[in-house]
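Reading the structure
The residues making up each chain are set out below.
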Amino acid sequence: MAGLFRYPKRRIKKLIQQGEYKEALEFGKSLEDKYSNDPDFLFIMGGIYYILDDAQNTLYYFDRSLEINANDIETLLLKANVHLYLKELNSVIDCCEKVLEIDPKNRRAEEILDSLKAD
């Protein structure tokens, strides 16, 4: 049990797996100063907000994560989904094009772009 306290990101993930999103956010916010430059931590925090349908906070954390690691495909795809939800189509296209620059055969990015063309 002591290991969870030595590895705070694991504790946050465990809380998320248990559906304890509020507790995960509170714990994460208490660690934010220490992990403010950790793209994985920022992704986890953005992911919690994503689960909770809080688009603005999701984008805030995903943008911070991408400032550190601009080539994170998973973050870019989730960010594209948030922009799609907000109907910010130019931002969706930007995210998907960035993914395809990194991984030209990324099916998910292609599917998102194809769905925009179909609409």
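You'll find the structure just up there.
The following refers to the structure shown. Here the structure is a predicted model, which is why all the values come from computation and not from measurement.

Counting its secondary structure elements, the protein chain contains 8 helices and 0 strands. For the protein chain, the α and β elements follow one another from N to C terminus as α-α-α-α-α-α-α-α. Across its three principal axes, the protein chain shows a C-alpha extent of roughly 50 × 25 × 20 Å. Classification of the 119 residues of the protein chain by burial places 40% in the buried group. Sequence-distant contacts, at least 24 apart, represent 45% of the contacts inside the protein chain between residues at least 6 apart.

Counted according to the given criterion, the structure contains 4 salt bridges. As a salt-bridge pair, Glu32 and Arg64 come within 2.7 Å of each other at their nearest N and O atoms. Remark: Arg64 occurs in helix H5 (residues 55-68) and Glu32 occurs in the loop between helix H3 (21-31) and helix H4 (39-51); sequence separation between them is 32 residues. Overall, Glu32 belongs to the buried group, its relative accessible area being 14%. Judged by its relative accessible area of 16%, Arg64 falls in the buried class. In this structure, the salt-bridge partner of Lys79 is Asp63, at a minimum N-O distance of 2.6 Å. Of the two residues, Lys79 is situated in helix H6 (residues 73-85) and Asp63 in helix H5; the sequence distance between them amounts to 16 residues. Take Lys79: its relative accessible area is 15%, and that puts it in the buried class. Classification of Asp63 by relative accessible area gives partly exposed; the value is 30%.

Further remarks concern the side chain of Asn106. The topology assignment puts Asn106 in the loop between helix H7 (89-102) and helix H8 (107-118). Accessibility expressed as a relative area gives 10% for Asn106, which makes it buried. A distance of 2.9 Å separates a polar atom in the side chain of Asn106 from the backbone nitrogen of Ala109.

Turning next to H7. Counting along an α-helix, one turn takes 3.6 residues, and residues three or four places apart therefore face a common direction. Counted at 1.5 Å a residue, the expected span for H7 with its 14 residues is 20 Å, and the 20 Å between its end C-alpha atoms agrees. Every buried residue belonging to H7 is among Val92, Cys95, Cys96 and Val99, and all of these are buried. Angularly, the buried residues of H7 cover 95° about the axis, an arc narrow enough to put them on a single face. When the buried face of H7 is taken as reference, the exposed residues oriented beyond 90 degrees from it are Asn90 and Glu101.

The rules behind the values
Residues numbered from 1 in each chain as written. Predicted model: local features only at pLDDT ≥ 70, side-chain atom pairs only at ≥ 80, totals over all residues. Heavy atoms only, no water. Helix = DSSP H or I, 4+ residues; strand = E, 2+ residues; numbered from the N terminus. Buried < 20%, exposed > 50% of the residue type's maximum accessible area, 1.4 Å probe, protein only. Contact = heavy atoms within 4.5 Å. Salt bridge = Lys/Arg side-chain N within 4 Å of Asp/Glu carboxyl O. Polar contact = N/O pair within 3.5 Å; in protein donor to acceptor, adjacent residues only side chain to side chain. Expected span 1.5 Å × (residues − 1). Arc of directions from axis to C-beta.

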